[in-house]
Amino acid sequence: MDAVHFFKIVFVAALAAFTLARSARAAGQQDFVRVAEAVPGVILEPRYYSTYNFTGDRLPGYDCPDLALCRQAASALAKAEARFEARGLRLKIYDAYRPARAVEFFYRWSLNGDVRMKPYFYPKLEKNVLHLRGYIALRSGHSRGSAVDCTLVDMKTGRDLDMGGPFDLFDERSHYAAKGLTKEQEHNRAILRSVMTECGFKGIRSEWWHFALRDEPFPDTYFDFPLSDVGSVTTIGSE
Ligand SMILES: [Zn+2]
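These lines cover the structure that appears in this document, whether it is placed above or below. (Residues numbered from 1 in each chain as written. Predicted model: local features only at pLDDT ≥ 70, side-chain atom pairs only at ≥ 80, totals over all residues.)

### Describing the overall build of the protein chain
What counts, and what does not: Strands are runs of DSSP state E lasting at least 2 residues, helices are runs of H or I lasting at least 4, and numbering of each runs from the N terminus. To assign burial, the other C-beta atoms lying within 10 Å of each residue's own C-beta are counted, with C-beta atoms placed from the backbone; 20 or more indicates buried, 12 or fewer indicates exposed, and intermediate counts indicate partly exposed. By the criterion used throughout, residues are in contact when their C-beta atoms, derived from the backbone, lie within 7 Å.
From N to C terminus, the protein chain includes six helices and eight strands. Reading the protein chain from its N terminus to its C terminus gives the helix and strand order α-β-α-β-β-α-β-α-α-β-β-α-β-β. Counting across all 239 residues of the protein chain, residues that qualify as buried make up 37%. If you take every contact in the protein chain between residues at least 6 apart in sequence, the share linking residues at least 24 apart comes to 77%.

Written out as structure tokens, the structure reads:
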């Protein structure tokens, strides 16, 4: 192959990659909504915008205190929130769409020696096993825009329901069917999971707080636009 031909191929490949990245970015801006606007009833506690998370730092891409989801997931979440509100509860959302750069930050963090947040989030594990145990990975379904991390708040008391352990605790206690939970904790996890499931989400075995939309619209796309890129909306379909 001569040099001109080679550079033509490289140029075309680069152009294709650029176009893909640009269309993914455009899709993100167009097809994602801010959770606070799409589902005003939920309580937002964006842990990765704050420093109260297992890294102890604000994450890259979390450049404003909003959370975002693709429209379909936001719509399913609105349905779930309405059902919880009818029972005197509200959803509290810790995280939703997660820019790919934040997931890469988690991975880099897992390889460094910073253990500031160990007592709160991984008290029983050494930090260097977190990625081996699957708690930290190079990619996350959250970057596809259809997953949420959440718990429930009792509107009579204003307190979180007792789920038997906090969000992002890297421990077997976070498994949905963990041993040693009280009846009340089992019941609270079951309420959260049953309503989310009825509304189109599915839970996972290892984290009681994590739900992903069953029919996600972007099953193969890992978005990386920052939260501030998500457009503002006034209405979405809630059915
Ligand atoms: Zn999650």
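Still to come is the rest of the account.
### A short note on the environment of Gln185
Its location among the elements puts Gln185 in helix 6 (residues 183-198). When the C-alpha positions of Gln185 and Gly164 are compared, they lie 5.5 Å apart, and in sequence the two are 21 residues distant. For Gln185, the contacting residues outside a window of four places in its chain are Asp162, Met163 and Gly164.

### Looking at the pairing of strand 8 (residues 210-213)
We apply this condition: Two strands are counted as paired when DSSP detects at least two bridges linking them.
The pairing of strand 5 (residues 147-154) with strand 8 spans three bridges and is antiparallel. Its bridge partner being in strand 8, Val148 is matched across the sheet by Phe211. Here three bridges tie strand 7 (residues 201-203) to strand 8, and the two strands are oriented antiparallel to one another. Residue pairing for strand 8: Lys202 is matched across the bridge by Ala212. With antiparallel pairing between neighbouring strands as the criterion, strand 7 and strand 8 make up a hairpin whose turn holds six residues.

### Thoughts on helix 4 (residues 100-110)
Every α-helix carries 3.6 residues per turn, so stepping three or four residues along brings you back to the same face. To be explicit about the condition: Relevant arc is that of directions from the helix axis to the C-beta atoms, nothing else.
All of the buried residues in helix 4 are Ala100, Ala102, Val103 and Phe106. The buried side chains of helix 4 occupy one side of the element, clustering within an arc of 165 degrees when seen end-on.

### Concerning the nonpolar core
Selection criterion: The term nonpolar core refers to a set of buried Ala, Val, Leu, Ile, Met, Phe, Trp, Tyr and Cys residues connected through C-beta atoms within 7 Å.
The biggest cluster of nonpolar side chains holds 59 residues, and the ones touching the most others in it are Val35, Ala68, Leu69, Ala74, Leu77 and Ile93. A total of seven residues in this core trace back to one element, the largest contributor, which is helix 3 (residues 71-86).

### Comments concerning unusual backbone geometry
Positive phi values are uncommon outside glycine, yet Asp168 reaches one of about 65 degrees. Relative to the assigned elements, Asp168 resides in the loop between strand 6 (159-160) and helix 6.

### Description of the environment of Leu152
Along the chain, Leu152 turns up in strand 5. Overall, the presence of 21 C-beta atoms within 10 Å leaves Leu152 in the buried class. Here the alpha-carbon distance between Leu152 and Ile43, two residues 109 residues apart in the chain, equals 9.2 Å. Each residue touching Leu152, except ones within four places of it in the same chain, is listed here: Phe84, Leu89, Leu91, Lys92, Leu161, Asn188, Ile191 and Leu192.

### Structural notes on the environment of Tyr107
Assignment of secondary structure puts Tyr107 in helix 4. Residues Tyr107 and Arg139 lie 32 residues apart in sequence; the distance between their C-alpha atoms is 9.0 Å. The contacts of Tyr107, once residues within four sequence positions are left out, are His131, Ile136 and Leu138.

### Quick look at the pairing of strand 5
Looking down a regular strand, the side chains alternate between one sheet face and the other. Within strand 5, six of the eight residues are buried, leaving the element largely enclosed by the surrounding structure. Sheet topology places strand 4 (residues 89-95) next to strand 5; six bridges connect them, and they run antiparallel. Its bridge partner being in strand 5, Ile93 is matched across the sheet by Cys150. Pairing of strand 5 with strand 6, which is carried by two bridges, proceeds in the antiparallel orientation. When the sheet's bridge partners are listed, Asp154 is paired in strand 6 with Arg159. The antiparallel pairing of strand 5 with strand 6 creates a hairpin that spans four residues between the two strands, and Gly158 there sits at a positive phi of about 75 degrees.

Geometry only, nothing functional implied.
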